[in-house]
Amino acid sequence: NLTSIKFGKKFKTDNVKDMSEMFYNCSSLEEIAVPEGVTAVCPQTFSGCINLSEVILPASLKNIGSQAFMNCSSLRSLVLPENLSSFGQTPFLMCRIEQLTIKNPMLQDIGSVLLSADSIGMICGFRNSSAQSFAQENGILFAAIANDIKGDANCDETVNMADAVMIMQALANPAKYGLNGYADDHITAQGIINADVSDNDGMTNNDALTISKFMLG
């Protein structure tokens, strides 16, 4: 009769290698917060959890496996975090999702993934994102979410010198501060979009210079 799972801050994910089918057909499970540090929801992890209505996915998540949420018929809303970049086959098969939030503005192959769901009522995402394009192409209601402020490279909803520093760090040391950098405060996909303030030519040092000049008046 397991209904809710919340992992404490001391929970270590280093030794979690495979969660495949961990909660398979756990029909009593109603809510779960997947702990930060987990990078994949493995195939069929929550398949058949028919009463699962609340799932919190961590920012560290990069992959959702095949049929991971198949027949989660009570799941009405879900937030896909910004670092999510790949899916297995039909992860949302037999789901009816009323509101899906997609935080990675450049998430690819959305159609092959989301069209496997029975229905999607509304998609929330950033303006000019792949999520918006998919919603418009398929007649799905789209709602824009915040953090698309021009110049806000670190996505803290303000523009200041820290954004110029973020851009320069990401360009000078991409292994650490780039899109897939290992630093906790590396630039995000939305941050790269926000950073392009000078010539619409992608994130460059000219963008950092433009922001610096603006802040210095």
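Quantities reported herein were computed from a predicted structural model and do not represent experimental measurements.

## Here's the deal with the overall build of the protein
If you tally the helices and strands in the protein, you get six helices and 10 strands. Looking at the protein as a whole, 42% of its 217 residues are labelled buried. Within the protein, residue pairs in contact and separated by at least 24 positions form 32% of the contacts whose partners lie at least 6 positions apart. Just so you have it, the protein exposes about 11,200 Å², and 49% of that area is on carbon and sulfur atoms.

## A closer look at the pattern of salt bridges
Scanning the model with the defined rule gives one salt bridge in all. Ionic pairing is found between Arg76 and Glu98, a salt bridge with its closest N-O pair at 3.6 Å. Of this pair, Arg76 sits in the loop between strand S5 (63-64) and strand S6 (77-80) while Glu98 is found in strand S8 (residues 96-102), placing the two residues 22 residues apart along the sequence.

## Topic: the environment of Tyr182
One can find Tyr182 in the loop between helix H4 (174-177) and helix H5 (189-195). If we ignore the near neighbours within four places in the chain, the residues touching Tyr182 are Ala175 and Lys176.

## As for the pairing of S8
Here S6 pairs with S8 via four bridges, running parallel. Following the sheet pairing, Leu78 is matched in S8 by Leu100. Note: S8 against strand S9 (residues 119-125), five bridges, orientation parallel. Looking across to S9, one finds that Thr101 is bridged to Cys124.

## A few points about the sheet that holds strand S3 (residues 40-41)
Taken in spatial order, the three strands make up an open sheet running S3-S5-S7, and their pairing is parallel. This sheet does not close on itself; its edge strands, each paired only once, are S3 and strand S7 (86-87). One ladder, built from two bridges, connects S5 with S7; its direction is parallel. Note that in S7 the partner of Ile64 across the bridge is Phe87.

## Concerning the packing of aromatic side chains
All chains considered together, the criterion is met by three aromatic pairs. Between the aromatic rings of Phe46 and Phe69, the centroid separation amounts to 5.3 Å while the plane-to-plane angle is 15°, which identifies the pairing as stacked. You can see Phe46 sitting in the loop between S3 and strand S4 (54-56) and its partner Phe69 sitting in the loop between S5 and S6, a full 23 residues away along the chain.

## So, the state of the cysteines
Per the stated rule, a full pass over the model turns up zero disulfides. As a non-bridged cysteine, Cys26 has Cys49 as the owner of its nearest cysteine sulfur, 5.4 Å distant.

## Topic: the sheet that holds S6
The sheet built from four strands is open, its strands ordered S6-S8-S9-S10 with parallel pairing. In the strand order of this sheet, the two ends are held by S6 and strand S10 (141-144), each with one partner. Between one strand and the next, the sheet's axes are offset by a mean angle of 20°, whatever the strand orientation.

## Quick look at the pairing of S9
Counting buried positions along S9 yields five of seven residues, so the element is predominantly enclosed. In this sheet, S10 lies alongside S9 in parallel orientation, the contact comprising four bridges. Within S10, the residue paired with Met122 across the bridge is Leu141.

## Let's talk about the confidence of the model for the protein
Summary statistics for the protein give a mean pLDDT of 86 and a share of 88% for residues scoring 70 or more. Ranking the elements of the protein by mean pLDDT puts strand S1 (residues 4-6) last, at 63, and helix H3 (residues 161-172) first, at 96.

## Things to note about the nonpolar core
Formed by 39 residues in total, the largest nonpolar core has its most connected members in Phe46, Phe69 and Phe92. Looking at this core, the elements that each hand over two or more residues are S6, S8, helix H1 (110-114), S9 and helix H2 (130-137). Not counting residues within four places of it along the chain, the set of residues in contact with Phe92 comprises Ile64, Phe69, Leu78, Leu80, Phe87, Ile97, Val113, Leu114, Ser116 and Ala117. Residues Ala153, Ile167, Met203 and Ala208 belong to the second largest nonpolar core, which totals 10 residues.

Cut-offs and rules
- Residues numbered from 1 in each chain as written.
- Predicted model: local features only at pLDDT ≥ 70, side-chain atom pairs only at ≥ 80, totals over all residues.
- Heavy atoms only, no water.
- Helix = DSSP H or I, 4+ residues; strand = E, 2+ residues; numbered from the N terminus.
- Buried < 20%, exposed > 50% of the residue type's maximum accessible area, 1.4 Å probe, protein only.
- Contact = heavy atoms within 4.5 Å.
- Areas by Shrake-Rupley, 256 points an atom, 1.4 Å probe, with all protein chains shown as cover.
- Salt bridge = Lys/Arg side-chain N within 4 Å of Asp/Glu carboxyl O.
- Pairing = 2+ DSSP bridges.
- Phe/Tyr/Trp six-rings, centres within 6.5 Å; stacked < 30°, edge-to-face > 60°.
- Disulfide = S-S within 2.5 Å.
- Axes fitted to C-alpha atoms, helices over the stretch in contact; angles between N-to-C directions.
- pLDDT = per-residue confidence, 0-100.
- Core = buried A, V, L, I, M, F, W, Y, C linked by side-chain atoms within 4.5 Å.

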